[in-house]
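Residue-level listing of the chains:
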Amino acid sequence: MHIPAPYFLIEEKKLLHNLNILRTIADEAGCKILLAQKAYSIYQTYPLLAQYLAGSAASGVYEAKLGRDYFSGEVHVFSPAFREEDVHSLLSLCDHIVFNTPSQVLRYGPLCKQASISVGLRVNPECSTQEGHAIYDPCAPGSRLGTTIANFDENALPLLDGLHFHTLCEQNSDALEETVRAFREKFGKYACRMRWLNLGGGHHITRADYDRARLIRIVRELRKEYGTEIYLEPGEAVVLNAGTLHAHVLETMHNSLDIAILDVSAACHMPDVLEMPYRPPLQGSGMPKEKAYTYRLGGPTCLAGDIIGDYSFDTPLREGDELVFDDMALYTMVKTNTFNGMPLPDIRFEHINGQVEILRTFSYEDFRSRL
């Protein structure tokens, strides 16, 4: 039996749904929204995104270059620490550089100023609003991300144009409001001296139950209070529910429970399943034992823990069956790897007229060239 290769599919219609929401927020709140490329870096779609967003946010030189080359608008970059050669490279690539500590501001800020690059400092409001995902909590005790008020050095102030905080992960605007209160208490006396504030990412703005009216109010209040420009840099919200991963059953077996081996891997193709962890949504399935037939879905690698999750179905799974995982545009293609020599799924794009374009295929040469 011929089983087609797995592939990611990005849908223009669903991207546009998200982008229209984000542009409305930006217009009504009077802020700028950037794409956080760490969540989604499919540059072939950047010209579409750039029609709705103010620019891109990067985590280093490569993402900054991708944003500058393919995404019109501003380029912002943050890293927990920069090498000097990276800073020199970034001077021709970005508009804002956000440093993690006052010492890096003092060291590299003058270089940035000479190149007319806006300088920012990431601060840590020490306000944890997350539950269950400590790996993604920048405000957890011992965090290396952001400067606490105890470590703030006022000697850096003359070099600073803005302050940045990023504390959220897949959260609603009530968590942002709580964080802003902590920010005001600790850093408000400095915010009024800034040209801009960056509220980071983790805002699930395009989720159906997200309180957008509250977000608009928060941004307007900050603009009025401090007289600053406000940036948001969500990644997930831009591509939330806009992509799928199409997998196939290679084999079924039984070992105290029914197991299906797929041609996609949690470890290689959706690593957040293991890192976060979470159970990805799967079309036509239910929770274990909710439907007549329950299977544990696993990948084809040698990793014993390469398990996607337990799902139930109306009918038994058969070799060659297609399974479609939802919400697979974010933190998937940017994180894929070739452990065990696993091939990477194709990347396809469905235009609004229904035409499907293959953006990228991968071969043995792609695997070999990474080593």
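This text follows the structure it describes.
Not measured: the values here are computed from a predicted model.

Turning to the overall build of the chain, a few remarks are in order. Broken down by element type, the chain carries 11 helices and 16 strands. Over its C-alpha atoms the chain spans a radius of gyration of 22 Å, differing by no more than 12% from the 21 Å that the globule rule assigns to 371 residues. Based on the C-alpha atoms only, the size of the chain along its principal axes is roughly 65 × 45 × 40 Å. Counting over 371 residues, the chain shows a buried share of 55%. A separation threshold of at least 6 residues defines the contact pool for the chain, and within that pool the share at least 24 residues apart is 66%.

On to a nonpolar patch on the surface, then. Together, Leu274, Leu303 and Phe339 make up a nonpolar patch on the protein surface, roughly 230 Å² of accessible area in all. By relative accessible area, Phe339 is classed as partly exposed at 35%.

Moving on to the pattern of salt bridges. As enumerated under the stated definition, the model contains 23 salt bridges in all. Put simply, Lys113 and Asp161 hold a salt bridge, and the shortest N to O gap is 2.7 Å. Taken together, the residues Lys113 in helix α5 (residues 102-114) and Asp161 in the loop between β6 (118-122) and β7 (162-164) connect sequence positions 48 residues apart. Among the ionic contacts, a cluster of salt bridges with common partners joins Glu177, Asp211, Arg214, Arg217 and Glu221.

A few words on the sheet that holds strand β4 (residues 74-78). Pairing is parallel in the closed barrel, where eight strands are placed in the order β2-β3-β4-β5-β6-β7-β8-β9. Averaged over all pairs of adjacent strands, the angle between strand axes in this sheet comes to 25°, irrespective of strand direction. With four bridges joining them, strand β5 (residues 96-99) and β6 adopt parallel strand pairing. Paired with Val98 across the bridge in β6 is Gly120.

A word on the state of the cysteines. Under the criterion given, the structure shown has zero disulfides. No disulfide involves Cys169; its sulfur sits 12 Å from that of Cys139, the nearest cysteine. Cysteine Cys268 shares no disulfide, and the gap to the nearest cysteine sulfur, in Cys302, comes to 9.3 Å. Using a relative accessible area of 0% as the deciding quantity, one classes Cys268 as buried.

Looking now at the packing of helix α1 (residues 12-29) against helix α7 (residues 212-226). Contact geometry for α1 and α7: axes closest at 9 Å, N-to-C directions at 35°. Between α1 and α7 the crossing geometry is right-handed. Between α1 and α7, the contacting residues are Ile21, Ile25, Glu28 and Ala29 on the first element and Arg212, Leu215, Ile216, Val219, Arg220 and Arg223 on the second.

Inside soluble globular proteins, nonpolar side chains tend to come together where they are buried. If you look at the biggest cluster of nonpolar residues, it comprises 102 residues, and the most contacted ones within it are Leu49, Leu163, Leu262, Leu297 and Phe325. With eight residues, the single largest contributor to this core is α1. What Leu49 contacts, discounting residues up to four positions off in sequence, is Leu15, Leu19, Leu35, Tyr40, Phe71 and Val238. In this structure, Ala57, Val98, Leu145 and Trp196 belong to the second largest nonpolar core, which totals seven residues.

Looking now at the pairing of β4. The buried count for β4 comes to five of five residues, which makes it a mostly enclosed element. Side-chain alternation along β4 places Glu74, His76 and Phe78 on one buried face and Val75 and Val77 on a second face that is also buried. Relative to β4, strand β3 (residues 55-58) is paired through four bridges, and the arrangement is parallel. Across the sheet, the residue bridging to Ala58 is Val77, located in β4.

What follows is about the packing of aromatic side chains. For the structure on display, the rule yields 12 aromatic pairs. Counting every residue linked through ring pairs, the aromatic cluster contains Phe152, Phe165, Phe183, Phe187 and Tyr190. Just above the ring of Tyr311 sits the side chain of Arg279; from NZ or CZ to the centre is 4.0 Å. A cation over an aromatic ring shows up here: Arg348 above the ring of Tyr7, its NZ or CZ 3.8 Å from the ring centre.

Let us look at the environment of Tyr62. Within the secondary structure, Tyr62 is located in helix α3 (residues 61-70). Looking at Tyr62, the relative accessible area reads 74%, which means it is exposed.

Rules used throughout
- Residues numbered from 1 in each chain as written.
- Predicted model: local features only at pLDDT ≥ 70, side-chain atom pairs only at ≥ 80, totals over all residues.
- Heavy atoms only, no water.
- Helix = DSSP H or I, 4+ residues; strand = E, 2+ residues; numbered from the N terminus.
- Rg over C-alpha atoms; globule rule 2.2 N^0.38 Å.
- Buried < 20%, exposed > 50% of the residue type's maximum accessible area, 1.4 Å probe, protein only.
- Contact = heavy atoms within 4.5 Å.
- Patch = residues over 30% accessible without salt bridge, like charges linked within 9 Å, V, L, I, M, F, W, Y side chains within 5 Å.
- Areas by Shrake-Rupley, 256 points an atom, 1.4 Å probe, with all protein chains shown as cover.
- Salt bridge = Lys/Arg side-chain N within 4 Å of Asp/Glu carboxyl O.
- Pairing = 2+ DSSP bridges.
- Axes fitted to C-alpha atoms, helices over the stretch in contact; angles between N-to-C directions.
- Disulfide = S-S within 2.5 Å.
- Left-handed = near helix turned anticlockwise from the far one by under 90°.
- Core = buried A, V, L, I, M, F, W, Y, C linked by side-chain atoms within 4.5 Å.
- Phe/Tyr/Trp six-rings, centres within 6.5 Å; stacked < 30°, edge-to-face > 60°.
- Lys NZ or Arg CZ within 6 Å of the ring centre and 35° of its normal.

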